[in-house]
Amino acid sequence: MGLSECASALLLLSTGRMQATTTKELVLVTGSSGLIGARTADRLSAQFRVAGLDRPGEPHPPSSAENIPCDLTSEDSVVQALTMVKSRFGLDIAAVVHLAAYFDFSGEPSPKYGEVTVEGTRRLLRSLHALGFRVARFIFSSTMLVHKPCEPGEAITEKWPLDPRWPYPQSKVETERVLESERGDYPTAVLRIAGVYDDDCHSIPLAHQIERINERHITSKMFPGHISHGQSFLHLEDLVDAIVRVVERRRTLPHQAVMLLGEPEPLTYDELQHRFGRLLHGEEWETVRIPKIVAKTGAWIQGVTPLLEDPFIKPWMIDFADDHYALDVSRAKEWLDWEPRHSLRDTLPKMIDALRRDPVAWYRGHKLSLPTELEEQR
């Protein structure tokens, strides 16, 4: 081999090494077409190669992520999806961000909680192990609702007693146990997340509260719990920022990391009512506390009466109207150098501005029935 050929070979080897060291590591995001998943995949794509796993037929994840169909209720589908990941990207995964789960507000037990959330996670972990993947961090999205509520003046920590009070948080507790038993040698991070919202709202309970006050429903001035109680929320951008930081710190976090994520100071129900009233109608919105039995009866009657729209407030929710969730997020601050940069208080005007800019789109985007005056404007 001549000198020029040697030089060319060395250049190719050097270039190859450079490409190898600059190749982005892989992150898998399940539930990648959802509100949180799509934003997470998009943000992570700036530093990582992202593969989005979601059910066949769901909207594709952002163009910055590669779409791989995956139905967590089917072992064959999970194996096929991960086999595709293996053939395209190899066996090394910087992080699995597991967001896919079942959720509804019916309050009723559903087999989907077990099929999707609990057993879907088990299938995913077992298939990752069976195919030989090396996962630097498996991140699971849980909920603050796995904890027992606190009293005003207290703050929930990661060591606070568990008391999941309806099927959704119960499924998350079960899945956390699956993660413990099936993780093998994978380091894990469990994120117990507050209620998520964004500048347009995209929070089911907040959207319904806005709807009731906007349309001056009689129920908008009644509440069956302590109006001085409230629950922590978290802006979508702050949640995504926390997830990205977990991925970035995947090798330095404790082997089994559990963190609460939310705004430490919850707005009380009373403050939310007053602020929505002022923003929507320029007036105070006084709220009367009513007995739980009266609220349950009214919700039941509305739910069974023909021609009336099925109400968002269900009788089972009324038992939890007094629940108060304030969070101590000092662990996330210490481990991730993270704390919320947004606040629900400051974002409420943006939500109402979004409603005013395009009421029809806002109602449709939140899957709410259009009021009569908006129907007439169409």
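Here, every reference points to the structure presented above.
Conventions adopted
Each chain carries its own residue numbering, running from 1 in the written order of its sequence. Reporting in this predicted model follows two pLDDT cut-offs: at least 70 for local features of residues, and 80 or more for side-chain atom pairs to be given and counted; totals over whole chains, interfaces and linings ignore these cut-offs and use all residues. Side-chain figures throughout are based on the complete set of non-hydrogen atoms in the structure, without hydrogens or water. Put simply, DSSP H or I for four residues or longer makes a helix, DSSP E for two residues or longer makes a strand, and each gets a number counted from the N terminus. Under the scheme applied here, a residue whose accessible area is under 20% of the maximum for its type counts as buried, over 50% as exposed, and between as partly exposed, the area being computed with a 1.4 Å probe on protein chains only. In this description, contact between two residues means that some pair of their heavy atoms is separated by no more than 4.5 Å. Polar contact criterion, stated in full: a pair of N or O atoms within 3.5 Å, where within protein one must be able to donate a hydrogen and the other to accept it, and residues adjacent in sequence count only if both atoms are side-chain atoms. Two rings from Phe, Tyr or Trp (for Trp, the six-membered ring) form a pair when their centres are within 6.5 Å of each other. A pair whose planes differ by under 30 degrees is stacked, one over 60 is edge-to-face, and the rest are tilted. Working rule: Lys NZ or Arg CZ, within 6 Å of ring centre, within 35 degrees of ring normal, means a charge sits over the ring.

**Digging into unusual backbone geometry**
In this structure, C201 takes a positive phi of about 110 degrees despite not being glycine. Note on placement: C201 falls in the loop between β9 (195-197) and α6 (204-214). Unlike most non-glycine residues, H202 shows phi in positive territory, near 45 degrees. Residue placement: H202 occurs in the loop between β9 and α6. Looking at H202, the relative accessible area reads 34%, which means it is partly exposed.

**Description of the environment of R216**
Inspection of the secondary structure puts R216 in the loop between α6 and β10 (222-223). By relative accessible area, which is 45% here, R216 ends up partly exposed. Taking C-alpha positions, R216 is 9.5 Å from G277, a pair spaced 61 residues apart along the chain. Each residue touching R216, except ones within four places of it in the same chain, is listed here: H281, E283 and W285. For R216, the side chain forms a polar contact with the side chain of H281, separated by 3.4 Å.

**Digging into the environment of V118**
Take V118: it is sitting in helix α4 (residues 111-130). A relative accessible area of 6% places V118 in the buried class. Apart from residues no more than four positions distant in its own chain, V118 is found in contact with Y113, S171, E174, T175 and V178.

**Considerations on the packing of aromatic side chains**
The final tally for this structure, using the stated rule, is seven aromatic pairs. Pairing F103 with W166 gives two aromatic rings, centres 6.1 Å apart and planes at 65 degrees, and the pair type is edge-to-face. Of this pair, F103 sits in the loop between β5 (95-98) and α4 while W166 is found in the loop between β7 (138-143) and α5 (167-182), placing the two residues 63 residues apart along the sequence. The interplanar angle of 70 degrees and the centroid separation of 6.4 Å between the aromatic rings of Y197 and F233 together place this pair among those described as edge-to-face. Of the two residues, Y197 is situated in strand β9 and F233 in strand β11 (residues 233-235); the sequence distance between them amounts to 36 residues. Across the pair, exposure class does not vary: Y197 and F233 are buried alike. Taken together, the ring pairs connect F103, W166 and Y168 into an aromatic cluster. In this structure, K221 is placed above the aromatic ring of W285, and the distance from its NZ or CZ to the ring centre is 4.5 Å.

Purely geometric stuff here, so don't read any function into it on its own.
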